[in-house]
Amino acid sequence: MDLEIRHLTHRYDSLDVMRDINLTISSGEIVCVVGPSGCGKSTLLRLIGGLEQPTEGEILQVGRPPEGSLNPLTYIFQDFALLPWRTVWGNISLVLEGHGLGKAEIDRRISDVLSRTRLSDFAAVYPRQLSGGMKQRVAIARALAVGPAVLLMDEPLSALDSQTRELLMDDLVSLWEREQFTACYITHNLNEAVRLGHRVVVLSRRPGEIRETVEITIPIPERSVDNPHLARIQRQLWEMMREEALSADRQLNDA
C-alpha cells in the first residue's frame, strides 16, 4: 500500500503550520522527514495517521494493506508508551484486543513479533526491568503485531543515548532487510535520516513546505557509520537547514 499526500495545508486558527505538501510514500520505502523545530514534522505525522484533519488537501491510501492487517497505519512513539503494569507479552497483546481474534491467533502474532525483534526471552519481563533500547524494541514489536501497511515513526530514537541509538538503528536496518516495511520517519537527527531513509524530505521553517527531497541510492544494509558519501549528504542536509534552524530556534526562545 502506498500513501499519497496531496496539497496538504494545515493551520491552527491564524497560525499556518504547513503549506501545500505533496509527497508519495511507496510500499517498502522509508521516507525520513527533517526540518527546523516547529516546522510541522509531528503535525504531518498526526495528519497522516488521522489524529487530526487537514485544513486543506487529502491523504490517500492507494492499494491494499498486507493480508491480515488490523491497522493499516500504526504509530511508534519516542516515549515508548508502554503500560508499566503489563509484561512485554501483555503490552503487545493490548493492541490485538478488540479485533475479534482467538487466543491462538493472538498468541501466534505475539510469538512471531517477539521472534522478529529478538525479544522472545523477555516475554514475561516488565518495562521497569528493561533498558530504554529494549523498551523501544518492545514498542516496535507491538506495532508490527497488527500487520501495518505503514509505520508512522515519531522520533523513535530521540529519547535514547547515542550508543543505544546506534544499536537500534542497526536493529531497524536488519528488520527492513528482512521485511522491507514502509515508514514515514520523523527525526531531527540527520545521521538517522541518512542511515535509514531511501529519501530525506527537508521541510522549511514554519509554515513548513517541502524545500528539498534528497534520494539516497546506497542500499540501506550497506550504509556504514563511516561512509564518506553519507557524511557528504548529511553535511548537505545541514547546510540546507542551518540558517532556518537558527531562525526557528531564536523564534522559539523569543516565544
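Residues numbered from 1 in each chain as written. Predicted model: local features only at pLDDT ≥ 70, side-chain atom pairs only at ≥ 80, totals over all residues. Heavy atoms only, no water.

## Observations regarding the pattern of salt bridges
A side chain of one charge can pair with a side chain of the opposite charge when the charged atoms of the two come close.
Then, number 1: The final tally for this structure, using the stated rule, is 19 salt bridges.
Then, number 2: The partner of Asp 170 in a salt bridge is Arg 195, with the nearest N and O atoms 3.0 Å apart. Here Arg 195 lies in helix 6 (residues 190–196) and Asp 170 lies in helix 5 (residues 162–179), a separation of 25 residues in the sequence.
Then, number 3: The structure contains a network of salt bridges with shared partners spanning Arg 11, Asp 16, Arg 19, Glu 56 and Glu 209. (Salt bridge = Lys/Arg side-chain N within 4 Å of Asp/Glu carboxyl O. Helix = DSSP H or I, 4+ residues; strand = E, 2+ residues; numbered from the N terminus.)

## What to know about empty space enclosed by the protein
Then, number 1: With the rule as written, the count across this model stands at two cavities of 30 Å³ or more.
Then, number 2: Here the largest cavity is characterised by a volume of approximately 90 Å³.
Then, number 3: Along the walls of the largest cavity sit Arg 116, Thr 117, Arg 118, Arg 137, Ile 140, Leu 168, Asp 171, Leu 172, Ser 174, Leu 175 and Arg 178, which together make up its complete lining.
Then, number 4: Among the secondary structure elements, those contributing two or more residues to the lining of the largest cavity are helix 4 (132–145) and helix 5.
Then, number 5: Examining the composition of the lining of the largest cavity, we find that six residues originate from one element, helix 5, more than from any other.
Then, number 6: Classifying every residue of the lining of the largest cavity by side-chain character gives four nonpolar, two polar and five charged.
Then, number 7: A volume near 40 Å³ is recorded for the second largest cavity.
Then, number 8: Taken together, Ile 30, Met 153, Leu 172, Val 173, Trp 176, Phe 181, Tyr 185, Leu 196 and Ile 220 make up the lining of the second largest cavity. (1 Å grid on protein atoms, 1.4 Å probe; cavity = no way out; pocket = protein on both sides within 12 Å on 5 of 7 lines; lining within 4 Å. Points joined across faces, edges and corners; volume = space filled by probe spheres on them. Nonpolar A, V, L, I, M, F, W, Y, C, P; charged D, E, K, R; others polar.)

## What to know about the nonpolar core
Then, number 1: Of all hydrophobic cores here, the largest spans 53 residues; its most connected members are Ile 30, Ile 92, Leu 151, Tyr 185 and Leu 237.
Then, number 2: If you tally residues by element for this core, the top one is helix 4, at seven residues.
Then, number 3: Once residues within four sequence positions are removed from consideration, Tyr 185 is found in contact with Ile 30, Val 31, Cys 32, Val 33, Met 153, Pro 156, Leu 157, Leu 172, Glu 192 and Leu 196.
Then, number 4: With 24 residues, the next largest nonpolar core counts Met 18, Ile 21, Leu 47 and Leu 73 among its residues. (Core = buried A, V, L, I, M, F, W, Y, C linked by side-chain atoms within 4.5 Å. Buried < 20%, exposed > 50% of the residue type's maximum accessible area, 1.4 Å probe, protein only. Contact = heavy atoms within 4.5 Å.)

## Brief notes about helix 3 (residues 103–116)
Then, number 1: Between the first and last C-alpha of helix 3 there are 20 Å, a value that for 14 residues agrees with the 20 Å anticipated at 1.5 Å per step.
Then, number 2: Turning to helix 3, its buried residues number three or more, namely Ile 106, Arg 109, Ile 110, Val 113 and Leu 114. Relative to the axis of helix 3, the buried residues are bounded by an arc of 130 degrees and lie together on one face.
Then, number 3: Residues of helix 3 that are buried sit in contact with helix 2 (88–94) and helix 4.
Then, number 4: Note on helix 3: the residue one or two positions beyond its end, Arg 118, has a positive phi of about 60 degrees. (Expected span 1.5 Å × (residues − 1). Arc of directions from axis to C-beta.)

## What about unusual backbone geometry?
Then, number 1: Note the cis peptide between Arg 206 and Pro 207, where omega equals -5 degrees.
Then, number 2: Mapping Pro 207 onto the fold places it in the loop between strand 8 (199–203) and strand 9 (210–215).
Then, number 3: Not every positive phi belongs to a glycine, and Ala 81 is a case in point at roughly 55 degrees.
Then, number 4: With respect to the secondary-structure elements, Ala 81 resides in the loop between strand 5 (73–76) and helix 2.
Then, number 5: Despite not being glycine, Arg 118 has its phi angle at roughly 60 degrees, a positive value.
Then, number 6: By the secondary structure assignment, Arg 118 is in the loop between helix 3 and helix 4.

## Considerations on the layout of surface pockets
Then, number 1: By volume, the largest pocket amounts to about 360 Å³.
Then, number 2: What lines the largest pocket is a set of 23 residues, among which Pro 66, Arg 116, Leu 144, Gly 147 and Pro 148 lie closest to the centre.
Then, number 3: Broken down by secondary-structure element, the contributors of at least two residues to the lining of the largest pocket are helix 3, helix 4 and strand 6 (150–154).
Then, number 4: With five residues, the top contributor of residues to the lining of the largest pocket is helix 3.
Then, number 5: For the lining of the largest pocket, a count of residues per class yields eleven nonpolar, six polar and six charged.

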